[in-house]
Amino acid sequence: MSVVLLEARNIGKRFGGVQALKDVSLTIRAQEIYGLIGPNGAGKTTFFNVMTGLYPRDGGEVLFGGVPLELDTPYLVAQAGIARTFQNIRLFGNMTAIENVMVGRHVRTHAGVFGAILRTPGQRAEEAAIRRRAEELLHYVGIPHRANDLARNLSYGDQRRLEIARALATEPQLLALDEPAAGMNATETVALRKLIEGLRADGLTVLLIEHDVKLVMGLCDRVAVLDYGEKIAEDVPGVVQKDPKVIEAYLGAGGD
Amino acid sequence: MSTKKWIGLALVALALLALPLVLTSVGTAWVRITNLAILFIFLALGLNIVVGMAGLLDLGYIAFFAVGAYVYALLASPHFGLHLPFWVILPLGALFAGMAGAILGAPTLRLRGDYLAIVTLGFGEIVRIFLNNLSQPFNITNGPKGITRIDGLNIAGMDFVNTHTLFGIPFTGPAKYYYVLLILLLLVIVVNLRLQKSRIGRAWVAIREDELAAKAAGINTRNMKLLAFAMGATFGGIAGGMFSAMQGFVSPESFILHESILVLAMVVLGGMGNVWGVIAGAMLLSFVPELLRYTVDPVQQMLFGKLLIDPEVLRMLIFGGALVLTMRFRPAGLWPESRHKLEMSENRS
Amino acid sequence: MEIFVQQIINGLTAGSVYALVALGYTMVYGIIQLINFAHGEVVMIGGMVALTVITTLVGMGLPLPPIVLVLAGILAAIPICMALGYLLERAAYRPLRHAPRLAPLITAIGMSMVLQQVALLIWGRDPKAFPQIMENKSFIIAGASITSVQIAIILMSVLIMATLTWFVYRTRFGIAIRATAENVNVAALMGVDANRTIAATFVIGAGLAAVAGVMYGTYYGITHYTMGFMLGLKAFSAAVLGGIGNLAGAMLGGILLGLVEALGAGYIGEFTDLCRWPLVDGLLVERCANGGHVVLFGSNYQDVFAFMVLILVLVFRPSGLLGERVSERA
Ligand SMILES: Nc1ncnc2c1ncn2[C@@H]1O[C@H](COP(=O)(O)OP(=O)(O)OP(=O)(O)O)[C@@H](O)[C@H]1O
Ligand SMILES: [Mg+2]
């Protein structure tokens with residue numbers, strides 16, 4: 001069971017005067033649902049951004065399947081098998097939903113300019129496969145009926161699902177979700193929870209940032225807590241919940 | 001496609017084929033104007049790949065056009081006494097222009113988009129400075145005087161200068177160029193349309209929409225941008241070669257910033273990224289100034305007895321104004337991409 | 001050696017003008033991340049307005065001392081350019097503040113085109129000579145000459161830059177500008193009126209541009225409706241060289257660029273004279289005989305230097321000499 005999938009070692013990141021991450025190390029095992037929590041501004045999103053190569057880091061490294069990730073080239077991170085969503089949803093607004101998902105297939109497909117211009121049989125077959133897979137994924141996240149709508153015209157909840165579908169299209173081993181339940185109502189949250197559990201059942205590992213404590217505690221196998229850029233706890237939910245440092249951090253930040 | 005559509009398409013094709021014959025009877029000048037317009041539509045569609053699809057603001061596009069034009073001019077004129085056939089130099093010009101694009105793009109494309117704008121702007125000017133000055137100490141470009149007596153096209157022994165009569169219909173030189181340009185235009189339209197609906201085209205649009213998200217979704221943004229930039233430059237080079245052949249004369253004068261702006265205005269006005277929008281925008285901005293030339297001047301003469309506003313100034317005011325007003329009131333252009341898409345999907349279902 | 005000192009003096013003068021223009025670019029970029037392509041045209045219009053005022057005054061035959069004439073020119077140019085800067089921001093850029101990045105850039109390029117053509121309509125197609133109003137005294141330093149105009153330009157821009165620095169770092173309004181540049185939303189929470197602050201940035205930049213336009217006109221002796229283009233491009237390069245968004249950087253970048261350009265123009269002919277290089281010598285015997293020269297690139301390539309600097313900076317140090325490294329917020 002406990003094969004290590006991702007290991008972050010001593011990640012540091014500073015923005016001017018703000019130490020957003022300080023020597024953060026954590027270990028995610030294959031096929032677990034791993035929660036990353038902490039008060040606002042604790043550095044959770046920054047950890048995602050560093051881990052996926054979008055922000056240059058000040059120090060540390062990330063091993064994925066035992067191999068160091070090339071954090072200077074984000075597309076290689078995606079290629080290695082990490083996909084993510086964004087806290088403030090970043091879709092390709094003027095593309096249709098299905099095209100958004102098809103973009104996610106880019107990293108696993110190969111057709112080039114000449115294939116496209118000449119419409120070679122290989123390119124056509126690949127293109128059809130891309131579309132088929134995208135349709136499947138839209139179905140999987142529950143929005144097949146929105147396939148031909150522009151992403152920017154989708155409802156908030158549907159946009160979140162679409163972002164997950166786009167991430168899944170890259171065939172990740174690790175799916176990193178940044179507050180996927182934010183702004184969702186109770187029914188949508190239940191559906192999301194089902195979705196995440198289904199993903200794990202299909203063999204994926206999930207890294208989840210979430211403020212909804214009930215969701216985190218009910219869903220995650222293990223949880224890490226960040227506070228002011230430092231990891232103050234990492235354990236199963238039941239233990240973390242009772243950790244005085246964690247309680248202090250949340251109360252100190254005005255409760256959550 | 002339905003029969004109705006096929007008939008429509010056939011009619012359009014027929015009209016396009018007959019156009020130069022009709023125009024010749026009005027005046028050969030109009031065929032020339034039309035040819036130039038087609039060339040600019042071609043250029044606009046080349047730039048559309050860069051600006052419209054990939055969202056890279058290239059303000060020196062005309063420089064690649066210049067590269068193509070000069071490659072052609074130098075290798076097919078008495079200047080160096082070289083007279084290579086067009087099927088060698090047209091691709092060569094395209095290659096050179098594409099390489100220039102890649103060399104310029106490589107250092108700048110990993111930076112924020114607006115740097116690219118300024119670098120291309122500067123590059124356009126630099127190319128012109130070199131063209132103007134590379135007559136000393138060795139005469140390469142012949143300086144501001146430009147290069148004259150450039151060979152026209154010559155396909156299968158048929159030259160493009162004299163009038164040929166086929167089936168009793170006289171085809172003038174410009175009319176023949178018209179058909180070649182039409183074929184090239186068709187080519188660039190197909191390239192645009194096919195790329196748009198391909199893995200590469202989607203990657204470009206994704207970069208245009210949100211570069212960071214595109215990176216995170218696994219796109220090698222740097223290579224994709226470079227590809228778009230070099231492809232656009234390549235088309236610029238082809239257009240340049242055709243320009244040389246058609247005009248028989250090139251000088252640095254033809255490659256000033258205004259021309260880059262003109263092509264950009266065509267792309268922006270019509271609707272960035274939408275092939276038909278760009279074509280419409282290019283036609284609008286090609287013909288309107290010509291029409292103005294024939295209407296505004298006489299009207300001014302009549303009213304004031306003299307020219308108050310030079311038609312050239314008016315032209316530039318229209319281009320500049322078109323950019324500003326389009327961005328302000330119709331940022332997606334007169335014929336935006338998304339509406340087009342909706343229509344397409346409605347048709348499908 | 002004389003050439004060297006001479007080119008240093010010339011470079012400092014041109015650099016002072018670049019610095020003033022670069023400040024306008026850098027302030028606007030710092031606050032709204034827009035390359036205001038029309039900024040060069042504001043400089044041009046400043047020069048044109050001053051020229052018109054001075055020519056008119058001279059034409060009226062009033063016995064005014066030259067310094068009064070120039071001041072009158074500057075005082076006319078500044079408010080007109082400031083109004084223009086305000087108008088640009090208000091009418092063209094503000095409506096697009098939340099539009100995709102490409103939109104304001106394209107608008108800026110369109111505005112630049114429109115302003116050029118309007119200037120062409122008003123002042124004509126031909127270069128306009130700046131009236132020779134004062135006797136341009138020369139002083140000799142280390143074998144090189146420095147004119148009173150050059151001294152005036154250098155001193156004046158130093159004065160202006162010092163004032164601007166004081167303004168931005170020591171006054172309430174300056175602090176508001178810096179706060180808005182740091183983070184518009186946070187500044188707004190602190191009670192800074194973002195619209196007003198941004199407009200003020202444009203206005204101040206345009207004021208500096210006006211002065212730069214007059215300096216350019218008096219120094220080079222002519223103005224032309226297209227002069228803003230190259231000047232703008234160079235000043236922008238200077239801003240990037242210094243680190244865009246950074247005031248001190250713009251000043252430093254402007255001066256450095258002026259020097260690079262002057263020294264480059266002064267020496268490139270000599271360095272690219274094939275007759276100086278023994279390897280090629282043999283091939284060009286005829287043309288090199290009797291002190292002949294085969295100069296590959298002469299000073300007519302001067303305008304290329306700024307561009308090369310720009311590319312080199314972007315490749316090796318995109319954040320410029322004094323700029324901080326910034327990455328896009330994810
Ligand atoms: N691009 C940036 N530039 C400057 N500071 C940043 C940047 N991104 C994050 N920060 C700062 O780093 C700290 C950590 O922010 P981060 O977004 O990682 O927090 P978070 O844990 O995701 O919070 P939240 O729960 O509110 O999303 C904050 O103080 C934030 O202001
Ligand atoms: Mg966050």
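Up top you'll find the structure we're talking about.
Calculation notes
Residues numbered from 1 in each chain as written. Chains lettered and ligands numbered in written order. Predicted model: local features only at pLDDT ≥ 70, side-chain atom pairs only at ≥ 80, totals over all residues. Heavy atoms only, no water. Pairing = 2+ DSSP bridges. Helix = DSSP H or I, 4+ residues; strand = E, 2+ residues; numbered from the N terminus. Polar contact = N/O pair within 3.5 Å; in protein donor to acceptor, adjacent residues only side chain to side chain. Contact = heavy atoms within 4.5 Å. Phe/Tyr/Trp six-rings, centres within 6.5 Å; stacked < 30°, edge-to-face > 60°. Buried < 20%, exposed > 50% of the residue type's maximum accessible area, 1.4 Å probe, protein only. Lys NZ or Arg CZ within 6 Å of the ring centre and 35° of its normal. Expected span 1.5 Å × (residues − 1). Near = heavy atom within 4 Å. Areas by Shrake-Rupley, 256 points an atom, 1.4 Å probe, with all protein chains shown as cover. Nonpolar A, V, L, I, M, F, W, Y, C, P; charged D, E, K, R; others polar.

### Points about the sheet that holds strand S2 (residues 18-29) of chain A
For sheets, the rule is that strands pair by backbone hydrogen bonds, running either parallel or antiparallel.
Residues and elements named next belong to chain A.
1) Next: If you trace the four strands from one edge of the open sheet to the other, you get S2-S1-S4-S5, paired in antiparallel fashion. Unpaired on one side and paired on the other, S2 and strand S5 (67-68) mark the two borders of the sheet.
2) Next: In this structure, strand S1 (residues 4-15) lies alongside strand S4 (residues 59-64), joined through five bridges in antiparallel fashion. Looking at S4, one finds that Glu 7 is bridged to Leu 63.

### As for the side chain of B:Arg199
1) Next: Counting through the fold element by element, B:Arg199 comes out in helix H7 (residues 199-209).
2) Next: For B:Arg199, the side chain forms a polar contact with the main-chain oxygen of A:Thr109, separated by 2.8 Å.
3) Next: Leaving out residues up to four positions away in the same chain, B:Arg199 has contacts with A:His106, A:Thr109, A:His110, A:Ala111, A:Glu126 and A:Glu127.

### Re the packing of aromatic side chains
By convention here, two paired aromatic rings are described through the distance between centres and the angle between planes.
1) Next: The tally for this structure, following the rule as stated, stands at 18 aromatic pairs over all chains.
2) Next: Ring geometry for B:Phe64 and B:Phe229: centres 5.9 Å apart, planes at 90 degrees, overall edge-to-face. You can see B:Phe64 sitting in helix H3 (residues 61-75) and its partner B:Phe229 sitting in helix H9 (residues 221-247), a full 165 residues away along the chain.
3) Next: Residue classification places B:Phe229 among the buried residues on the basis of a relative accessible area of 0%.
4) Next: Each ring, one from B:Phe65 and one from B:Phe255, has its centre 5.7 Å from the other, and the planes form 65 degrees; the classification is edge-to-face. Of this pair, B:Phe65 sits in helix H3 while B:Phe255 sits in the loop between H9 and helix H10 (257-270), placing them 190 residues apart in sequence. By the burial criterion, B:Phe65 is buried, and B:Phe255 matches it.
5) Next: Residue placement shows A:Arg166 over the ring face of A:Phe92; its charged tip is 4.7 Å from the ring centre.

### Description of helix H5 (residues 113-133) of chain B
1) Next: For H5(B), built from 21 residues, the straight-helix expectation of 30 Å at 1.5 Å per residue is met to within 8% by its first-to-last C-alpha distance of 31 Å.
2) Next: Extensive coverage of H5(B) is indicated by the burial of 17 of its 21 residues.

### As for the site of ligand 1
1) Next: If you check the shell around ligand 1, you find 15 residues, and the closest are A:Gly41, A:Lys44, A:Thr45, A:Thr46 and A:Gln87.
2) Next: Bordering ligand 1 are residues originating from chains A and C.
3) Next: Separating an oxygen atom of ligand 1 from a side-chain N or O atom of A:Thr45 is a distance of 2.6 Å.
4) Next: At a separation of 2.9 Å, a nitrogen atom of ligand 1 approaches a polar side-chain atom of A:Tyr55.
5) Next: With the chains in place, 75% of the 630 Å² that ligand 1 exposes on its own is no longer accessible.
6) Next: Of all elements in the fold, only S2 and helix H1 (44-51) of chain A reach the threshold of two or more residues within the shell around ligand 1.
7) Next: Top element by residues in the shell around ligand 1 is H1(A). It accounts for three residues.
8) Next: Looking at the shell around ligand 1 residue by residue, the class counts come to five nonpolar, seven polar and three charged.

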